[in-house]
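# An overview of the molecular structure
Each chain is listed here by its residues.
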Amino acid sequence: MGFNATCTPGRDAAAAMVRVTPQVPALVIYLDPVNIAIQLPPFPGGSDVLMRFCRELSREASKLADHLGSQEGRHTLAEGDPDVRG
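When you go through the protein chain residue by residue, the secondary structure sums to 2 helices and 3 strands. Ordered by position in the sequence, the α and β elements of the protein chain form the string β-β-β-α-α. Put simply, the protein chain has 86 residues, and 10% of those count as buried. Nonlocal contacts in the protein chain, meaning residues at least 24 apart in sequence, comprise 6% of its contacts between residues at least 6 apart. Of the roughly 7000 Å² of accessible surface on the protein chain, a fraction of 57% belongs to carbon and sulfur atoms.

What follows is the structure in structure tokens.
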């Protein structure tokens, strides 16, 4: 199933690895209020596909966090607004 979505994290956004069943782990992204669950693909080798995806997601999320934490990544309108920068 494919779809495109654009979401922004709310103040209580979080992410977690959960177990749907003892054999089925999933990555859940709680965006406050939208939740997204990423589960094992239902085909042979699906765990390898999800493993590679999670590692890539981790790398790219780290790059984004580093960029946002740098002076270059900060939006000028958000600099002085504690509600935006949190």
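From this point, the narrative continues.
Alignment of strand β1 (residues 14-21) against strand β2 (residues 24-30), held across 7 bridges, turns out to be antiparallel. Counterpart to A15 in the pairing with β2 is I29. Here β1 folds back onto β2 in antiparallel fashion, the turn holding 2 residues.

Turning to the environment of I36, a few remarks are in order. Considering the arrangement of structural elements, one finds I36 in strand β3 (residues 35-39). I36 sits in the partly exposed class, given a relative accessible area of 27%. Discounting residues that sit within four places of it in the chain, I36 has contacts with L27, V28, I29 and L31.

In this structure the tally under the stated criterion is 1 salt bridge. For K63, the salt bridge is made with E60, and the minimal N-O distance between the two is 3.0 Å. Taken together, the positions of K63 and E60, both in helix α1 (residues 46-69) and 3 residues apart, correspond to about one turn of that helix.

Before going further, it helps to examine the sheet that holds β2. A sheet is described by the order of its strands in space; here 3 strands give the open sequence β1-β2-β3, paired in antiparallel fashion. Each having just a single partner strand, β1 and β3 make up the two edges of the open sheet. Strand-to-strand, the axes of this sheet are offset by a mean angle of 30°, without reference to chain direction.

Each value, and the rule that gives it
Residues numbered from 1 in each chain as written. Predicted model: local features only at pLDDT ≥ 70, side-chain atom pairs only at ≥ 80, totals over all residues. Heavy atoms only, no water. Helix = DSSP H or I, 4+ residues; strand = E, 2+ residues; numbered from the N terminus. Buried < 20%, exposed > 50% of the residue type's maximum accessible area, 1.4 Å probe, protein only. Contact = heavy atoms within 4.5 Å. Areas by Shrake-Rupley, 256 points an atom, 1.4 Å probe, with all protein chains shown as cover. Pairing = 2+ DSSP bridges. Salt bridge = Lys/Arg side-chain N within 4 Å of Asp/Glu carboxyl O. Axes fitted to C-alpha atoms, helices over the stretch in contact; angles between N-to-C directions.

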